[in-house]
Amino acid sequence: NRGGGLSAQLTRWRSDKTVWPHLALDHTLPADAAVPVPVPAQLDRRLAAALEARGITTLYAHQAEAFEHCRMGRDVVVATPTASGKSLCFNLPVLDALAREPTACALYLFPTKALSRDQEESLRALMGAAQLPHGAITFDGDTPQDARRAARERAGIVLTNPDMLHSGVLPHHTSWARLFANLRYVVLDELHTYRGVFGSHLANVLRRLERVAAFHGSKPRFVFASATIGNPKEHAERLLGRDVALVSESGAPRGARSVLVYNPPVVNPELGVRQSYVKATARLSADLVRAGVVTLVFGQSRNVVEVMLKYLRDALSKERIPTDTLLAYRG
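These remarks concern the structure in this document. (Residues numbered from 1 in each chain as written. Predicted model: local features only at pLDDT ≥ 70, side-chain atom pairs only at ≥ 80, totals over all residues. Heavy atoms only, no water.)

## Quick word on the nonpolar core
Judged by nonpolar contacts, the single largest core of 38 residues is most densely connected at L92, V94, L95, Y108 and I157. In terms of residues, this core owes the most to one element, helix 4 (residues 86-100), which gives nine residues. Leaving out residues up to four positions away in the same chain, I157 has contacts with V94, L95, L98, A106, Y108, L123, M127, G135, A136 and I137. Judged by nonpolar contacts, the second largest core, of 34 residues, contains C105, M164, L179 and V205. (Core = buried A, V, L, I, M, F, W, Y, C linked by side-chain atoms within 4.5 Å. Buried < 20%, exposed > 50% of the residue type's maximum accessible area, 1.4 Å probe, protein only. Helix = DSSP H or I, 4+ residues; strand = E, 2+ residues; numbered from the N terminus. Contact = heavy atoms within 4.5 Å.)

## Observations concerning the packing of aromatic side chains
On inspection of all chains with the given rule, the structure shows five aromatic pairs. Aromatic pair F139 and W176: ring centres 4.9 Å apart, planes at 85 degrees, arrangement edge-to-face. Here F139, found in the loop between strand 6 (135-138) and helix 6 (145-153), pairs with W176, found in the loop between helix 7 (162-169) and helix 8 (177-181); they are 37 residues apart in sequence, far enough to count as distant. What makes F139 buried here is its relative accessible area of 3%. You can call W176 buried: its relative accessible area is 1%. In this structure, R148 packs its charged tip against the face of F139, placed 5.3 Å from the ring centre. (Phe/Tyr/Trp six-rings, centres within 6.5 Å; stacked < 30°, edge-to-face > 60°. Lys NZ or Arg CZ within 6 Å of the ring centre and 35° of its normal.)

## What to know about the packing of helix 11 (residues 277-290) against helix 12 (residues 302-315)
Two numbers describe how helix 11 lies on helix 12: the axes approach to 9 Å, and their chain directions differ by 50 degrees. Judged by the angle between their axes, helix 11 and helix 12 are oblique. Remark: the crossing between helix 11 and helix 12 carries right-handed chirality. Along its contact with helix 11, which presents Y277, V278, K279, T281, A282, S285, A286 and R290, the element helix 12 presents V304, V307, M308, Y311, L312 and A315. Within the contact of helix 11 with helix 12, the residues separate by chemical class into 10 nonpolar, two polar and two charged. (Axes fitted to C-alpha atoms, helices over the stretch in contact; angles between N-to-C directions. Parallel < 35°, antiparallel > 145°, perpendicular 65-115°, else oblique. Left-handed = near helix turned anticlockwise from the far one by under 90°. Nonpolar A, V, L, I, M, F, W, Y, C, P; charged D, E, K, R; others polar.)

## A word on helix 6
By the burial criterion, the buried members of helix 6 are A147, R148, A150 and A151. The arc enclosing the buried residues of helix 6, seen along the axis, measures out at 160 degrees, which places them on a common side. Across from the buried face of helix 6, at angles greater than 90 degrees, the exposed residues are Q145 and D146. Turning to helix 6, the residues buried within the fold contact strand 6, strand 7 (155-160), helix 7 and helix 8. (Arc of directions from axis to C-beta.)

## Some remarks on a nonpolar patch on the surface
A surface patch of nonpolar side chains, about 190 Å² in accessible area, is lined by L25, V259 and V261. Mapped onto the elements of the fold, L25 is located in strand 1 (residues 23-29). Residue classification places L25 among the partly exposed residues on the basis of a relative accessible area of 36%. (Patch = residues over 30% accessible without salt bridge, like charges linked within 9 Å, V, L, I, M, F, W, Y side chains within 5 Å. Areas by Shrake-Rupley, 256 points an atom, 1.4 Å probe, with all protein chains shown as cover. Salt bridge = Lys/Arg side-chain N within 4 Å of Asp/Glu carboxyl O.)

## Thoughts on the pairing of strand 9 (residues 221-226)
Of all six residues that make up strand 9, five are buried, and the element is covered over most of its length. Where strand 8 (residues 183-188) and strand 9 come together, four bridges link them in parallel fashion. By the bridge assignment for strand 9, Y185 is matched with R221. Regarding the hand of the β-α-β motif, the stretch spanning strand 8, helix 9 (residues 196-215) and strand 9 is right-handed. (Pairing = 2+ DSSP bridges. Right-handed = clockwise from strand over helix to strand, strands pointing away.)

## Focus on the sheet that holds strand 10 (residues 245-247)
An order of 6-7-5-8-9-4-10 is seen for the seven strands of this open sheet, with the pairing classed as parallel. The sheet is open, and its two edges are formed by strand 6 and strand 10, each paired on a single side. In this sheet, neighbouring strand axes are inclined to one another by 15 degrees on average, regardless of whether the strands run parallel or antiparallel. One ladder, built from three bridges, connects strand 4 (residues 76-79) with strand 10; its direction is parallel.

## Overview of the side chain of N161
On the secondary structure map, N161 appears in the loop between strand 7 and helix 7. Not counting residues up to four positions away in its chain, the partners in contact with N161 are L109, F110 and D140.

## Description of the environment of V212
Residue placement: V212 occurs in helix 9. Separated by 56 residues in the primary sequence, V212 and G156 have C-alpha atoms spaced 18 Å apart. Not counting residues within four places of it along the chain, the set of residues in contact with V212 comprises L170, H173 and F180.

Spelled out as structure tokens, the structure:
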């Protein structure tokens, strides 16, 4: 085990003649300081107290900006980096609305079941700390019948996915009359995943959702959350069909980052064939593991992930690194 952490491993790569010539990019991005702002005075005091109990006495600038857009009745898209606190950008205005209106409801849409379940857990914890009586529940194909009934009849926040909304909720909107009549917010997370034909389908589902809500007498506001993409405002507006306010300047802190792009060497010059990127990834990942760096590797398919895992375990089999520390997650 070489140890030394990331800095030591980067130094080794930069002096390694089998790695350095194939780095197409080696760039360091500076750290960003946090931009804190006071918790909005308009936020319900129970919710503010729940945040303070968690040690949150200020918000990041983009969280407060999103809250203000929602308070003014605008649809909004938040496009800030990963781990910048986007959840509070939509949870605060939604929970504030629920705190002020006992019958208010909200609908959360996530592309995967796992995201819905994670968000449900954190939402319920925050709602409990703020003493809000509204329940939150995930409604998907795995939801048992009694829980489905509770979602229709009592839940303040229903978390689901576009497919379930299309096939399990909208066709039966009369059974969901309470939700649609009191619908104040629709939250759409992971906006950047809805592109191409899938995005076109979702755009039609959102229009259908608005028509059903209007039939029951409500006009919900939409809050979109996206990873940093080139056109978040235009993308959200094409999905929704009207103007959307943009929040894109993150107020969250971020440490310095090294960005390296490795281009595998050519092994067949006549045909322009390069070394397998899967083997190259496993080799570089093994270097990081030996250096004691926590590493996350992405693959283009489940099969590629399994192959890279095997290569990585084989490369580290003779070293004192437990194999159960090298795991595959098939997302």
